[in-house]
Amino acid sequence: MKQAVISGTGLYTPPYSISNEELVDSFNAYVELFNAENAAAIAAGTVTALEPSSAAFIEKASGIKSRYVMNKEGVLDPKRMAPHYPERDNEELSLQAEMCVAAAQQALDRAGRTAADIDMVLVACSNMQRAYPAMAVEVQQALGIEGFGFDMNVACSSATFGIQTAATAVQTGQARAVLVLNPEITSGHLDYRDRDSHFIFGDACTAIVVEAADTAVSKHQFKILDMKLKTSFSNNIRNNFGFLNRGDEAGIGQPDKLFKQQGRKVFKDVCPMAAETIKNAIANAGLELPQVARYWLHQANLNMNQLIVRMILGRDATAEEAPVILDTYANTSSAGSIIAFHKHQDDLPQGAHGVICSFGAGYSIGSIVVEKL
């Protein structure tokens, strides 16, 4: 079995940022319009009046201050409250593939690799913009990569599950090097009319190169020591959108076709599961907790991350131990933990250990224990 390493990471950040204040102004304008248009029904008690939100509420509930999006105008239009992504011709590069190519080039450069060195492309994210052809195969063609590619979806854990899949391909000799991509256009499935969740998500794309240690040339290598995956079915985070919707016309346009979650239940269920999975992965790697210098966690909710690390360490983590990027990126689904890893790895000394962990719908949890080379 070959030793697998992460040799490069890349990040594509969308061109537009939306602050909490901007988002709240738009949401509250929508609330005013709704309540005015439904004033008679609200007075009669047949319709419930909507409540306004505030930037302070959002930051306290999530730790989020702003988020990046691929389209800003549509999201902030009180009469639309959704991004505007015109469909592209089938012969044009798709939006997700475009994001992937940008992030991939950065990861390849950091790994000291070119398309000719990659044998496998894996696109792993929460929402694909189409069922087929696979996004990975389109990206493969755009980059000029030989070999093969395929898509996978384990919601917010897609990146860590993708790393595990890539590492296994490298370990068994199926691929010399694998490009894992996480193009998250979460603004597409977010209900911007829902006070409890309209602020949660942001868009981004991350890229990871996983290859064999004996041929890696990068100055940014992390040896993969252990990988632990866990799934447990739950309806507490769900998105029912799919190609079968037209099979029952009554469901078209219904709220459950967008992102929905029962946040308090998710918090209660996922935190102990994530903490236990991380501790098991560390133990299986032959390490003690004090030997782990950094936790690159899924960036969904600041309170959740703080609790998970507290369950592991028995104390609060420092900003260096558990870096946070969701204050400016928000929840970017599978890309979140990789953004944290990408932005907060170069300061670690040789021999330092860390854990990349993501968790989300499914439930799904993926933990990758690494050592900086």
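Higher on the page you've got the structure.
Residue numbering note: each chain is counted from 1, following its sequence as written. pLDDT decides what is reported in this predicted model: residues at 70 or higher carry local features, side-chain atom pairs at 80 or more are listed and counted, and totals for whole chains, interfaces and linings draw on all residues regardless. Note that water and hydrogens are dropped before the side-chain values are worked out from all heavy atoms of the structure.

**Considerations on the environment of V154**
Here is step 1: Here a strand is any run of E in DSSP of at least two residues, a helix any run of H or I of at least four, and the numbering for each starts at the N terminus. Residue position: V154 is located in the loop between β5 (148-152) and α7 (158-171).
Here is step 2: Residue burial is assigned from relative accessible area. The probe radius is 1.4 Å, only protein chains are included, and a residue is buried under 20% of its type maximum, exposed over 50%, and partly exposed in between. Relative accessible area serves as the criterion here: at 16%, V154 is assigned to the buried category.
Here is step 3: In this structure, the C-alpha to C-alpha distance between V154 and C125, residues 29 residues apart in sequence, is 7.1 Å.
Here is step 4: If near-sequence neighbours (up to four positions away) are discounted, V154 is found in contact with C125, F161, A361 and S364. Every residue pair with non-hydrogen atoms within 4.5 Å of one another is taken to be in contact.

**Brief notes about the sheet that holds strand β1 (residues 4-12)**
Here is step 1: Two strands pair if DSSP finds at least two bridges between them. The strand order across the open sheet built from nine strands is β5-β4-β6-β7-β1-β8-β13-β12-β11, with neighbouring strands paired in mixed fashion. Each edge of the sheet is formed by a strand with only one pairing partner; in this case those strands are β5 and β11 (292-297). When strand polarity is set aside, the average angle formed by the axes of neighbouring strands in this sheet is 25°.
Here is step 2: Sheet analysis places β11 next to strand β12 (residues 353-360), joined by five bridges and oriented parallel. Paired with V292 across the bridge in β12 is H353.
Here is step 3: For helices, the axis comes from a line fit to the C-alpha atoms of the stretch in contact; other axes are also lines fit to C-alpha atoms, and the angle between any two N-to-C directions lies between 0 and 180 degrees. Seen against the sheet, helix α9 (residues 302-313) touches β11 and β12 and runs at an angle of roughly 150° to β11.

**Quick look at the pairing of β5**
Here is step 1: Examined bridge by bridge, strand β4 (residues 120-124) and β5 share five bridges and lie parallel to one another. In the sheet register, L122 faces β5, and the bridge partner there is F150.
Here is step 2: Each parallel crossover has a hand, and for β4 linked through helix α6 (residues 135-143) to β5 it is right-handed. With strands facing away from the observer, any crossover in which the path from the first strand over the helix to the second runs clockwise is taken as right-handed.

**Considerations on the packing of helix α8 (residues 263-284) against α9**
Here is step 1: The geometry of α8 relative to α9 is characterised by a closest axis approach of 9 Å and an angle of 40° between their N-to-C directions. Judged by the inter-axis angle, α8 sits oblique to α9. The handedness of the crossing between α8 and α9 is right-handed. Note on element contacts: α9 touches α8 through N303, M304, L307, I308, M311 and I312, opposite V266, F267, C271, P272, A274, A275, I278 and K279.
Here is step 2: Amino acid classes used here: Ala, Val, Leu, Ile, Met, Phe, Trp, Tyr, Cys and Pro are nonpolar; Asp, Glu, Lys and Arg are charged; the rest, including Gly, are polar. Grouping the constituent residues of the contact of α8 with α9 by class yields 12 nonpolar, one polar and one charged. Roughly parallel here means an angle under 35 degrees, roughly antiparallel means over 145, roughly perpendicular means 65 to 115, and every remaining angle is called oblique. For any pair of crossing helices, the crossing counts as left-handed if the nearer helix is rotated counterclockwise from the farther one by less than a right angle, and right-handed if it is rotated clockwise.

**Considerations on the state of the cysteines**
Structurally, a disulfide amounts to a covalent bond that connects the sulfur atoms of two cysteines.
Here is step 1: In this description, a disulfide is simply a cysteine sulfur pair whose atoms lie within 2.5 Å. Following the criterion strictly, the structure yields zero disulfides and no others.
Here is step 2: Free cysteine C125: the closest other cysteine sulfur is in C100, separated by 7.3 Å.
Here is step 3: As a non-bridged cysteine, C357 has C271 as the owner of its nearest cysteine sulfur, 11 Å distant.

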